[in-house]
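Structural features, examined
Now for the letters of each chain:
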Amino acid sequence: MTPAAPTLNPHILIVEDEDAIAAALAYALSTDGMTTTHVRLIVDARRELADRRPALMILDVGLPDGSGFELCREVRASSTLPVILLTARSEEIDRVVGLELGADDYVSKPFSPREVSLRVRSVLRRMSVAPGQSAMTLFSVDEEGQRITFNGALLALTRREFLLLKTLLVRPGRVCSRESLLDAAWGAEAESGDRTVDTHIKTLRAKLKAIRADLDPIETHRGLGYSINILGGSA
Ligand code: CA
């Protein structure tokens, strides 16, 4: 169970209309052994995506010819390309919107280019494991029987816990917001807030830990939500 080594010199597409920010990012990424292409417009980003097939896209939300959210949605509809969104606004609602659109991470301006570079590495490490490969070899979901086994052992789950875990397992490595988890597990019956999700995640964690104390596959993303992450983890 060793994750494939991330490509040595991944190519990163930077879509950002502020040259100074793009230059600082390109510098930090190149120091970290990555190559970059910088474009300022969505129309150019589309061309680069088709021509160069980058390993990851860093995408500004506010661009002269449209919204990064739209491009993110568009990309997500047809590919698993990792996307890190950059925004000038720091409201949590934007984070949630970005993650619901399928972004893999989210950075608010002002940020340290070095930190963005670390996030890029972290996302690439997660993606270097084929989707579902790591988590799914340990988890097995039986939709019809509403059962999930972990490390070969059948988990004794309540219906809500089953739905929560199943939702997280659909996209290993991706962050699910508390809202989306609440919606998936409680639907129209959702009356209580985020804490309901947190409480159920806590019991889920305990049940997983009882089987494999050395793993903590449910990762907490402060202010954002949860993801399933076994290899690469939060390290
Ligand atoms: Ca901008």
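Data block above holds the structure.
Residues numbered from 1 in each chain as written. Predicted model: local features only at pLDDT ≥ 70, side-chain atom pairs only at ≥ 80, totals over all residues. Heavy atoms only, no water.

Bringing the coordination of the calcium ion into the picture now. Bound to the calcium ion are the protein donor atoms Asp-17 (OD), Asp-60 (OD) and Gly-62 (O), situated 2.1 to 2.4 Å from the metal. Motif for the calcium ion, donor spacing along one chain: D-x42-D-x1-G. Within this pair, whereas Asp-17 is found in the loop between β1 (11–15) and α1 (19–31), its partner Asp-60 is found in strand β3 (residues 56–60), the two being separated by 43 residues in sequence. (Donors = N, O, S within 2.8 Å, 3.2 Å for Na, K, Ca; no water. Helix = DSSP H or I, 4+ residues; strand = E, 2+ residues; numbered from the N terminus.)

The subject of this paragraph is α1. Between the first and last C-alpha of α1 there are 18 Å, a value that for 13 residues agrees with the 18 Å anticipated at 1.5 Å per step. Taken together, the buried positions of α1 are Ile-21, Ala-22, Leu-25, Ala-26, Ala-28 and Leu-29. Burial along α1 is one-sided: seen end-on, the buried residues are contained in an arc of 165°. Exposed positions of α1 whose direction lies more than 90 degrees from the buried face are Ala-20, Tyr-27 and Thr-31. Phi turns positive one or two residues past the end of α1, at Gly-33, with a value near 85°. (Expected span 1.5 Å × (residues − 1). Buried < 20%, exposed > 50% of the residue type's maximum accessible area, 1.4 Å probe, protein only. Arc of directions from axis to C-beta.)

With that settled, consider the sheet that holds strand β10 (residues 153–154). Spatially, β8-β9-β10 is the arrangement adopted by the three strands of the open sheet, whose pairing is antiparallel. Edge positions in the sheet fall to β8 (139–142) and β10, since each has one partner strand and no second. Inspection of the sheet shows β8 paired to strand β9 (residues 147–150) by four bridges, in the antiparallel sense. Considered in β9, the bridge of Val-141 is made with Ile-148. Packed on one face of the sheet, helix α7 (residues 159–170) meets β8 and β9 and runs near 120° to β8. (Pairing = 2+ DSSP bridges. Contact = heavy atoms within 4.5 Å. Axes fitted to C-alpha atoms, helices over the stretch in contact; angles between N-to-C directions.)

Each regular strand displays side chains that alternate between the two surfaces of the sheet. The pairing of strand β12 (residues 218–221) with strand β13 (residues 225–228) spans four bridges and is antiparallel. Among the inter-strand pairings, Ile-218 is bridged to a residue of β13, identified as Ile-228. Linking β12 to β13, which pair antiparallel, is a turn of three residues; within it Gly-223 sits at a positive phi near 75°.

Helix α3 (residues 68–78) packs onto helix α2 (residues 42–52) with a crossing angle of 20° between their chain directions and a minimal axis gap of 11 Å. For the element pair α2 / α3, the angle class is roughly parallel. Considering only the axes of α2 and α3, their crossing is right-handed. Residues Ile-42, Ala-45, Arg-46 and Leu-49 of α2 touch α3, and the partners they reach there are Leu-71, Glu-74 and Val-75. Split by residue class, the contact of α2 with α3 holds five nonpolar, no polar and two charged. (Parallel < 35°, antiparallel > 145°, perpendicular 65-115°, else oblique. Left-handed = near helix turned anticlockwise from the far one by under 90°. Nonpolar A, V, L, I, M, F, W, Y, C, P; charged D, E, K, R; others polar.)

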